[in-house]
Amino acid sequence: MEDRPTHLIEFETMLYERFRHLANPSARRRGGLDRSAYLLLSRLQAEGPMSIGELSDAFRLDVSTLNRQTAAMLKSDLVERIPDPDGGIARKFRITAEGHDRLEEERAAGVASLDRVLAGWSADDVAAFAGYLRRFNTDIERLAGRPWPRG
């Protein structure tokens, strides 16, 4: 492995992806959300109701993939279909109370896992790391032309 900074970043992000799911195994055992549901619910929570076309554009996924994912989420009462609040023709998906609760439980479990991992870090180091991650992600979003809504 080369030791150029970009090679080191690639290697460390590969390891992070490998161990990310291991940081919170209890969430998976108790029926935690799968990755696609977590991402879709997070987007719906941030932006409000979205049509299948809007979701397809936001995630760059084909409609058939999103139809499968949203069907599973409808069946689990995580989302519901509603008429377009703005009067459009397409029906939209809206996060349900159950979806909101499950998303918040999953997010809290993830934060608790990060708290355990970062327990030995100073508050300044944690804040700096968060800032670098945000910058990294917003640069990826800029290049992709798909910004993620932030509060």
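Model, not experiment: these values are computed from the prediction. (Residues numbered from 1 in each chain as written. Predicted model: local features only at pLDDT ≥ 70, side-chain atom pairs only at ≥ 80, totals over all residues. Heavy atoms only, no water.)

Caption draft 1: Region of the structure containing the overall build of the protein. The helix and strand tally for the protein stands at seven helices and two strands. Mapped from its N terminus to its C terminus, the protein presents α and β elements in the order α-α-α-α-α-β-β-α-α. Referenced to the eigenvectors of the C-alpha coordinate spread, the extents of the protein come out at roughly 55 × 35 × 30 Å. Out of the 151 residues in the protein, the part that is buried amounts to 24%. Pairs at least 24 apart in sequence give 50% of the contacts found in the protein among residues at least 6 apart. Within the structure as shown, the protein displays about 10,400 Å² of accessible surface, and the carbon and sulfur contribution to it stands at 57%. (Helix = DSSP H or I, 4+ residues; strand = E, 2+ residues; numbered from the N terminus. Buried < 20%, exposed > 50% of the residue type's maximum accessible area, 1.4 Å probe, protein only. Contact = heavy atoms within 4.5 Å. Areas by Shrake-Rupley, 256 points an atom, 1.4 Å probe, with all protein chains shown as cover.)

Caption draft 2: Fine view of the packing of helix H3 (residues 35–47) against helix H4 (residues 52–59). Running from amino to carboxyl end, H3 crosses H4 at an angle of 110 degrees, the nearest separation of the two axes being 12 Å. Judged on the interaxial angle alone, H4 and H3 are roughly perpendicular. Judged by the sense of rotation from one axis to the other, the crossing of H3 with H4 is right-handed. The residues of H4 that touch H3, namely those facing Leu-39, Leu-40, Arg-43 and Leu-44, are Leu-55, Ala-58 and Phe-59. Taken together, the residues that form the contact of H3 with H4 break down as six nonpolar, no polar and one charged. (Axes fitted to C-alpha atoms, helices over the stretch in contact; angles between N-to-C directions. Parallel < 35°, antiparallel > 145°, perpendicular 65-115°, else oblique. Left-handed = near helix turned anticlockwise from the far one by under 90°. Nonpolar A, V, L, I, M, F, W, Y, C, P; charged D, E, K, R; others polar.)

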